[in-house]
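# Structural overview
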Amino acid sequence: MAMNADAIVVGGGLVGSAIAYGLACEGLHPLLLDEGDVALRASRGNFGLVWVQSKGVGNPTYQRWSRTSSELWPQLAERLRAETGIGVAHHRPGGVAVCLTDAEFAARSQMMQDMRSQMSDDGFDYRMLDRGELKELLPGLGPEVVGGSWSPYDGHANPLYTLRALHAGLAARGGRYVAGAKVTTLSAACGVFTAETARDRYQAPRLVLAAGLGSATLAPQVGLHIPVVPVRGQIIVTERIAPILRMPTLILRQTDEGSIMIGESREEGRSDDQSGIEVVQRLAARALATFPLLAGVRMVRTWAALRVMSPDGYPIYEQSPSFPGAFAATCHSGVTLAAAHALRYAKYIAQGSLPDSFEIFHSRRFEADVRLAS
Ligand SMILES: Cc1cc2nc3c(=O)[nH]c(=O)nc-3n(C[C@H](O)[C@H](O)[C@H](O)COP(=O)(O)OP(=O)(O)OC[C@H]3O[C@@H](n4cnc5c(N)ncnc54)[C@H](O)[C@@H]3O)c2cc1C
């Protein structure tokens, strides 16, 4: 028997869950179908930054979209807390990318300057801080630290609480999260989409494909193109300690509970989610060079997870030309963009069309690359 809804969202990670929750905020009753614990799930293994300062050099729309999300994050966090009682530990104190060499500092300065130049209409607030200025923001920096870039747009949140709150918020607004529902087939007829799992069939007039790495194979069935590949990332977590970090850095953040998370590694061509000692050593070495006091702090756990990466690293948002009503959503910064997905992208889907400015996120940009290359 087919189960009906206003919209089917395939994939219950941060991207699909934020969109499903947003659709419920628009008054729809979405079904969120999620494969289960055996699936690859970046949303359960990420670092938790809401990071804006380095997003979108050469793509001002992406910088604007990331910043919009950062600005909407307090609203999303407060709404989720009010509706579900779940605090998601969101903070927006600004963030710093720490540089350990003069060459890193010079490259970072250039990148931030390029960003400001391309954002001349919107402005781009940042400062390059020398070692002395940075030490005032982040006491305890090691002797190797040369300086860093600061911006007020950055922050962090607990990704697991966020996921839980989105699922609870969806249920509170009349939507449904179905676990263990691996979609194997998608089809469309007479304006109705059908998603089939081994057990059930679900039908709705709108479909959102947000299944992370699982989207690549499902997309062609409804005229979408989502050529994402895995990029492995690893994370270290320490025991809980007294507060030492007033704001997150690109590789270190302190959770509300006191743990230090150490992250920001990227290994292309890796499709397994096993952590390995070499990357962990490299992450730990950089963390120690940044904050030598971490030498006395015990590491309690490491893990790896797979990032969901498009060929150029930018999100893919599109509506299927052959099956209108089917939308794609994927990005490599699902924490950062959660608020924009919930409070903006879901609105576009509910209204049935994406803004013209989103043309830059359409997957046809990859077809152009292929034509140029050949
Ligand atoms: C180590 C690491 C650190 C990161 N740090 C950050 C960070 O600091 N800030 C940030 O913004 N982003 C960060 N990211 C990226 C972020 O985690 C991802 O962008 C985000 O989680 C992607 O969410 P998603 O929902 O697209 O994919 P996933 O979380 O992978 O979820 C996909 C979901 O789809 C489901 N699924 C798959 N196939 C099917 C199917 N056939 N049927 C039904 N369901 C299906 C799976 O069960 C899964 O729940 C990091 C990622 C990693 C790996």
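Please read these numbers as outputs of a predicted model, since none were measured by experiment. Each chain has its residues counted from 1, running along the sequence as written. Owing to the predicted nature of the model, reporting of local features is limited to residues with pLDDT of at least 70; listing and counting of side-chain atom pairs is limited to 80 or more, with chain, interface and lining totals taken over all residues.

### Some points on the sheet that holds strand E7 (residues 147-151)
- Note: two strands are recorded as paired if DSSP finds a minimum of 2 bridges between them. Put simply, DSSP marks the helices as runs of H or I at least four residues long and the strands as runs of E at least two long, and each gets a number from the N terminus on. Strand order in the open sheet made by the three strands is E5-E7-E6, with antiparallel pairing throughout. The open sheet terminates on both sides in strands that have one partner only, identified here as strand E5 (95-99) and strand E6 (127-130). Within the sheet, the average angular offset between the axes of one strand and its neighbour, ignoring direction, is 25°. Helix axes are fitted only over the stretch in contact, all axes being lines through C-alpha atoms; the angle between N-to-C directions runs from 0 to 180 degrees.

### So, the site of the ligand
- If you check the shell around the ligand, you find 44 residues, and the closest are Gly13, Gly212, Gly214, Gly233 and Gly334.
- Counting only elements with at least two residues in the shell around the ligand, the list comes to helix H1 (14-25), strand E14 (229-240) and strand E18 (299-309).
- If you tally residues by element for the shell around the ligand, the top one is E18, at four residues.
- Each residue belonging to the shell around the ligand can be placed in one class, and the counts come to 22 nonpolar, 17 polar and five charged.
- Domain borders in the structure are assigned automatically or taken from a domain database. When we break the shell around the ligand down by domain, the ones giving at least three residues each are domain 1 (2-81 + 159-228 + 312-373) and domain 2 (95-153 + 230-309). In this analysis a residue is considered near a molecule or strand if the C-beta atom, reconstructed from its backbone, is found within 6 Å of that molecule or strand. Put simply, Ala, Val, Leu, Ile, Met, Phe, Trp, Tyr, Cys and Pro go in the nonpolar bin, Asp, Glu, Lys and Arg in the charged bin, and everything else, Gly too, in the polar bin.

### Quick notes on the confidence of the model for the chain
- Mean pLDDT over the chain stands at 95; residues scoring 70 or higher make up 97%.
- In this model residues 370-374 is a low-confidence stretch, pLDDT under 50, and it forms zero contacts with partners more than four residues away in sequence or in other chains. As a per-residue measure, pLDDT tells how confident the predictor is, with possible values from 0 to 100. Residue pairs qualify as contacts under a 7 Å threshold applied to their C-beta atoms, which are placed from the backbone.

### Re the pairing of strand E3 (residues 30-33)
- The alternating pattern of E3 places Pro30 and Leu32 on one face and Leu31 and Leu33 on the opposite face, and all of these are buried.
- Pairing geometry for strand E2 (residues 7-10) and E3, over four bridges, is parallel. From the neighbouring strand, Ile8 faces E3, where its bridge partner is Leu31.
- On the question of chirality, the crossover connecting E2 to the parallel E3 by way of H1 is right-handed.
- Where E3 lies against strand E9 (residues 176-178), three bridges are found, and the strand directions are parallel. Each bridged residue has a counterpart across the sheet, and for Leu33 the counterpart in E9 is Val178. As a rule, residues whose C-beta atom has 12 or fewer other C-beta atoms within 10 Å are exposed, those with 20 or more are buried, and those in between are partly exposed; C-beta atoms are placed from the backbone. Clockwise travel from the first strand over the helix to the second, with the strands pointing away from the viewer, marks a crossover as right-handed.

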